[in-house]
Amino acid sequence: VTELVALRKGAKAVAAARGVKLSYMPFIIKAACAALRQFPIMNASLDEEAGELVYHGAINMGIAVDTDNGLIVPVIRDADHKTMLQLSAEMNELADRARDGKTRPDDVGGGTFTITNAGNIGGLLATPIINVPEVAIMGVHAIRQKPWVVDGEIVIRDIMYLSLSLDHRVVDGAVGARAMNVVKELLENPALMLLEA
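For every chain, the first residue of the written sequence is number 1, and numbering continues from 1 along that sequence. Only residues with pLDDT of 70 or above have their local features reported here, since the model is predicted, and side-chain atom pairs are shown and tallied only from 80 upward, although totals for entire chains, interfaces and linings are computed over all residues. Calculated side-chain values reflect all of the structure's heavy atoms, with hydrogen atoms and water omitted.

**Student:** How would you sum up the overall build of the chain? Please name residues and give values.
**Tutor:** Each helix is a run of DSSP H or I of at least 4 residues and each strand a run of E of at least 2, with the numbering of both proceeding from the N terminus. Broken down by element type, the chain carries four helices and nine strands. Helices (α) and strands (β) of the chain occur, in sequence order from the N terminus, as α-α-β-β-β-β-β-β-α-β-β-β-α. The globule rule used for comparison is 2.2 Å times the number of residues to the exponent 0.38, while the radius of gyration itself is calculated over C-alpha atoms. A globule of 197 residues ought to have a C-alpha radius of gyration of about 16 Å, and the chain, at 17 Å, matches this closely. Exposed residues in this analysis have more than 50% of their type's maximum accessible area, buried residues have under 20%, and partly exposed residues fall in between, with area computed by a 1.4 Å probe over protein chains only. Per-residue burial over the chain gives 42% buried out of 197 residues. Contact criterion: two residues are considered in contact whenever any of their non-hydrogen atoms come within 4.5 Å of each other. Taking the intrachain contacts of the chain between residues at least 6 apart in sequence as the baseline, contacts between residues at least 24 apart amount to 56%. Approximately 10600 Å² of the chain is accessible, and the part contributed by carbon and sulfur atoms is 54%. Per-residue accessibility takes into account occlusion by the displayed protein chains alone, with areas from the Shrake-Rupley method and a 1.4 Å probe.

**Student:** Any details on the pairing of strand β1 (residues 44-47)? Residues and values, ideally.
**Tutor:** Residues in a regular strand project their side chains so that they alternate between the two faces of the sheet. As paired elements, β1 and strand β2 (residues 52-55) share four bridges and run antiparallel to each other. Of the residues in β2, the one forming a bridge with S45 is V54. Between the antiparallel neighbours β1 and β2 lie four residues, among them G51 with a positive phi of about 65°. Paired strands, as defined in this entry, are two strands with at least two bridges between them according to DSSP.

**Student:** Account for the packing of aromatic side chains, naming residues and giving values.
**Tutor:** Note on ring pairs: Phe, Tyr and Trp rings are taken, using the six-membered ring of Trp, and paired if centres are within 6.5 Å. Classes follow the plane angle, with under 30 degrees stacked, over 60 edge-to-face and the rest tilted. Scanning the entire structure with this criterion turns up zero aromatic pairs. Over the aromatic face of Y24 sits the side chain of R8, whose NZ or CZ is 4.4 Å from the ring centroid. The rule is short: NZ of Lys or CZ of Arg within 6 Å of the ring centre and within 35 degrees of the ring normal puts a charge over the ring.

**Student:** Give me the lowdown on helix α4 (residues 173-188), citing residues and values where you can.
**Tutor:** If you check α4, its first and last C-alpha atoms are 22 Å apart, about what 16 residues at 1.5 Å a residue would give, namely 22 Å. Those residues of α4 lying buried are G176, A179, M180, V182, V183, L186 and L187. In an axial view of α4, the angular spread of the buried residues amounts to 145°, which keeps them on one side of the axis. Looking at the buried positions of α4, the neighbouring elements they touch are α1 (2-17), α2 (25-38), β8 (136-150) and β9 (153-166). Each residue after the first adds 1.5 Å to the expected span of a helix. What the arc covers is the set of directions going from the helix axis to the C-beta atoms.

**Student:** Residues and numbers for the sheet that holds strand β6 (residues 75-76), please.
**Tutor:** The five strands lie next to each other as β6-β3-β7-β8-β9, forming an open sheet whose pairing is mixed. Strands with a single pairing partner mark the edges of an open sheet, and in this sheet they are β6 and β9. Here strand β3 (residues 61-63) pairs with strand β7 (residues 113-117) via three bridges, running parallel. Pairing of M61 across the sheet is with F113, part of β7. In this fold α4 packs onto β8 and β9, with an angle of close to 140° to the strand it touches most, β9. Fitted lines through C-alpha atoms give the axes, limited to the stretch in contact for helices. The angle between two N-to-C directions lies from 0 to 180 degrees.

**Student:** Give me the lowdown on the side chain of H141, citing residues and values where you can.
**Tutor:** As for its placement among the helices and strands, H141 is situated in strand β8. When its relative accessible area of 3% is taken as the criterion, H141 is described as buried. Of the polar contacts made by the side chain of H141, one reaches the backbone nitrogen of A126; its length is 3.0 Å. Here a polar contact means two N or O atoms within 3.5 Å. Within protein one must be a hydrogen donor candidate and the other an acceptor candidate, and residues neighboring in sequence count only if both atoms are side-chain atoms. At a separation of 2.8 Å, a polar atom in the side chain of H141 contacts the main-chain carbonyl oxygen of Y161. Apart from the residues within four sequence positions on either side, H141 is in contact with A118, G119, G123, L124, L125, A126, M160, Y161, L162 and S163.

Listed below in structure tokens is the structure:
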């Protein structure tokens, strides 16, 4: 995510001038939305009582927030139709309310896919637990500089591991891997996100 780190660094001041604190999460959300549009089965829910798989037209992105009372998952509704600054502002507002114990009923529930971020507390790799009835959850981990081979040369790069948990009753591992390749491509080449809606 070396290019992503550079892009965010350059964009932070612009976002701050508009009153928004810009983290990496809006970029990750945008990349996940692109993958979910290509693989809509991962943006579905399993209704076990009815024995039905429910495909969602909207991408309502749950963002796990660490609070004194445990994880709370506020939801950014229609995340795929929002700009980076809108995603960032809404995510920050929802997270602040969750941490302050002021979560509103309409802040939670109705999510179609969840992202959990262990990276902000230094986590390097974890296996997240699916937020049922969703069928997938993505884990985001800390960005660390590491030696990496690029074009036969060892160079220092900013590396971030992602993890994905799937309900294999619904989503095959190969589908999940292909979806993660979309996320990976966009996070490695964040300028490509300009091509996304």
